[in-house]
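Architecture and fold: a report
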Amino acid sequence: MNISKKKCVGCANCVPVCPMGAIVIGPDLLAEVNREACVECHTCYRGMSFEHLPGGPVRWARRLLKKIRLRFQPDPDLCPTEALEPEKLAWPRIVRSAFSDPMVTHESTGIHGRGTAEVKTNDVTNRVGTGEAGFVVEFGRPGVGVFFRDVDKATRALAGQGVAFEKENPVTSLMSDAGAGGIREDILDEKVLSCIVEFKTRLEEVPGVLSAIKAVAKTLDTVVSLGVSTRCDSDGNDPLRAVLAKEGYDAWRAKVNLGLGRQSNAKSRGTERQA
Amino acid sequence: MTNTLHRFGKPDTLRDDYIVFAMAAKGINDDGAAAKVQTFFRTALKYDPINMGNAVINPLYRPEKNLTFLKLYFSGRHEKVAPETFIAEVAALGTAAVVFGNRGAMGGFLKELQDLDLGLSVNVSALVDDVREVCGEIHLTPHSVEYSLPFAGDLERLPERDILSLTTMCGHGMIAANFARKMVDGVREGRFGHDQACQYMAKFCVCGVFNTTRAMRILEAAGSGT
């Protein structure tokens, strides 16, 4: 993201809007972006409203008003001069946008967002089956961000536990060695708002994997959000909650797939899977 | 895409917060999904939803990109579009999401979805026992469940409780902690009202899963120091 020095009037409205705190008012009293901290999420550009005032006259008016102890202050969500300008990104920086901007479609998965559909479409894909646990480990969330060098540290530790990473997940597609959990070297210094690592295990392996995640999370310069899923039995009950309770996790908030999905595409009808 | 799973708060503060999703899997049930999702949204309107979106187009609350001095002066801000305007713009499924503020509305909507048999995968993100109770009442059997576990890692980097409760209502992290803090302070200082602050924040959540009613409660509690 770039902020036009020609248009910016230094009102600082964009400063708190940045989820990474990457926008600051510089020595010239105009806003500027710290490129190391910016994750190219485009939140400032997409979320702020724009008024199309000319930069020069507004800067002059601001200085004049300041002299008589008055203040020009637009609504807090408003950039008065449309000074925010997205950049055309090249590799490897484009990785930042792919993981941080939810309106960008990942080329690897074909869907919006930082992971896959997880269990949200499990009723038609049967991705996580009976007796299995699907792990969704999100690094950098909430609101902290993460460098891929930290993700690499975690995925290598998880690979050491013998987990097999979900093939359709965007992070897996950026691994140079999925067996060892190694992320490709040219993106290790790229920062994203968050990214999701997915894999599944047998239910009996859940305690060991949870301990491994907890241990590696302590070594990271970020935060981790963790979701664990499973398939329910024919009565709608699941064995996972008891497993989590035994490990000291009081799991009371969840996403529940109601089983209303149906394979309806003409070409898929003949090849229905047992879901 | 765990964008609603990890909403921060104690169970009693999350009791009236239900997000219902519709999704299709590529190559399995995505044919004609755009029309189905329009039906999904139109059906939701009967139950007075708080917010809706699909992460492909701007949700109900959206920024105004063409403001002028005259527009601002004579017409003011228009931060929420009519639901029908939003629904008419839906051209692709994305992750269609509707937010409800009470259990009855969520249950009624699910019952009607069951009868409509759209064939889309439907999920509810909420307190799991509430969802199971509603499923029992309308004779739905949950297929799969994904539990949210507590945050791990360097927790000192997280903001304070009220701010985290607000920011995690946009799971993609589009609502900055500093902006939420500015909203809390702005309300306390009387610069703008609770509802205005909620609308400012809601516009940054592109999936339309920000619960403005819950945000009002959080802002009120933060304002009173409780």
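Everything numeric here is computed off the predicted structure, so don't read it as measured data.

The next point concerns helix α8 (residues 194-202) of chain B. Within the sequence span of α8 of chain B, burial applies to Ala197, Cys198, Tyr200, Met201 and Ala202 of chain B. The secondary structure elements touched by the buried residues of α8 of chain B are α6 (161-167), α7 (177-188) and α9 (212-224) of chain B.

Interface size, as often reported, equals the accessible area lost upon joining of the parts. Chain B puts 92 residues into the contact, and the matching count from chain A is 91 residues. Between chain B and chain A the total buried area reaches about 7,800 Å² when both faces are included, carbon and sulfur atoms providing 57% of it. Counting across the interface, chain B meets chain A through nine salt bridges. A salt bridge links arginine 241 of chain A to aspartate 129 of chain B; its shortest N-O distance comes to 2.8 Å. Secondary structure elements with two or more residues in the side of chain B that touches chain A: β1 (18-23), α2 (69-75), α4 (103-116), β4 (121-127), α5 (128-137), β5 (144-153) and α7 of chain B. For the side of chain B that touches chain A, the leading source of residues is β5 of chain B, giving 10 residues. For the side of chain B that touches chain A, the per-class residue count stands at 47 nonpolar, 26 polar and 19 charged.

As a further point, take unusual backbone geometry. Backbone geometry follows two general trends: most residues other than glycine have a negative phi, and most peptide bonds adopt the trans configuration. Residue and element names in this part refer to chain A. The omega torsion across tryptophan 91 and proline 92 is 5°, close enough to zero to call that bond cis. Of note, proline 92 is situated in the loop between β6 (84-85) and α4 (94-100). Geometrically, the link from arginine 141 to proline 142 is a cis peptide bond, its omega value of 5° lying close to zero. Relative to the helices and strands, proline 142 resides in the loop between β7 (132-139) and β8 (146-147).

With that out of the way, let us pick up the pairing of strand β15 (residues 253-257) of chain A. The element β15 of chain A is extensively covered by neighbouring structure, given that five of its five residues are classed as buried. Of the two faces of β15 of chain A, the one lined by Arg253, Lys255 and Asn257 of chain A and the one lined by Ala254 and Val256 of chain A are each fully buried. By the bridge criterion, five bridges tie β15 of chain A to β4 of chain B in an arrangement that is antiparallel. What sits directly across from lysine 255 of chain A, in β4 of chain B, is serine 125 of chain B. One ladder, built from four bridges, connects β15 of chain A with β5 of chain B; its direction is antiparallel. Bridge pairing in β5 of chain B links valine 256 of chain A to valine 145 of chain B.

Here we take up the packing of α7 of chain B against α9 of chain B. All names here are of chain B. Between α7 and α9, the least distance of the axes is 9 Å, while the angle of their chain directions is 60°. One element, α7, and the other, α9, form an angle in the oblique class. α7 and α9 meet at a crossing whose hand is right-handed. Mapping the contact onto sequence places Met183, Val184, Val187 and Arg188 in α7 and Leu219, Ala222 and Gly223 in α9. Residues belonging to the contact of α7 with α9 are distributed by class as follows: five nonpolar, one polar and one charged.

Before going further, it helps to spend a moment on the packing of aromatic side chains. Centre-to-centre distance and the angle between the planes together describe a pair of aromatic rings. For the structure on display, the rule yields 14 aromatic pairs over all chains. Ring geometry for phenylalanine 8 of chain B and phenylalanine 151 of chain B: centres 6.3 Å apart, planes at 15°, overall stacked. Taken together, the residues phenylalanine 8 of chain B in the segment before β1 and phenylalanine 151 of chain B in strand β5 connect sequence positions 143 residues apart. With a relative accessible area of 28%, phenylalanine 8 of chain B lands in the partly exposed category. What links up through ring pairs into an aromatic cluster is the set Phe40, Phe41, Tyr47, Phe86, Phe100 and Phe109 of chain B. For lysine 65 of chain B, the ring lying beneath its charged end belongs to tyrosine 45 of chain A, and the centroid distance is 5.6 Å. The ring of phenylalanine 50 of chain A carries the charged tip of lysine 65 of chain B above its face, separated from the ring centre by 4.0 Å.

In this section: the pattern of salt bridges. Scanning all chains against the criterion turns up 39 salt bridges over all chains. Notably, a salt bridge pairs arginine 184 of chain A with aspartate 186 of chain A, separated by 2.7 Å at the nearest N-O pair. Its relative accessible area of 36% is what places aspartate 186 of chain A among the partly exposed residues. The network of salt bridges with shared partners includes Asp75 and Asp77 of chain A together with Glu64, Arg77, Glu79 and Lys203 of chain B.

About the thresholds
- Residues numbered from 1 in each chain as written.
- Chains lettered and ligands numbered in written order.
- Predicted model: local features only at pLDDT ≥ 70, side-chain atom pairs only at ≥ 80, totals over all residues.
- Heavy atoms only, no water.
- Buried < 20%, exposed > 50% of the residue type's maximum accessible area, 1.4 Å probe, protein only.
- Helix = DSSP H or I, 4+ residues; strand = E, 2+ residues; numbered from the N terminus.
- Contact = heavy atoms within 4.5 Å.
- Buried area = accessible area lost by both parts, 1.4 Å probe.
- Salt bridge = Lys/Arg side-chain N within 4 Å of Asp/Glu carboxyl O.
- Nonpolar A, V, L, I, M, F, W, Y, C, P; charged D, E, K, R; others polar.
- Pairing = 2+ DSSP bridges.
- Axes fitted to C-alpha atoms, helices over the stretch in contact; angles between N-to-C directions.
- Parallel < 35°, antiparallel > 145°, perpendicular 65-115°, else oblique.
- Left-handed = near helix turned anticlockwise from the far one by under 90°.
- Phe/Tyr/Trp six-rings, centres within 6.5 Å; stacked < 30°, edge-to-face > 60°.
- Lys NZ or Arg CZ within 6 Å of the ring centre and 35° of its normal.

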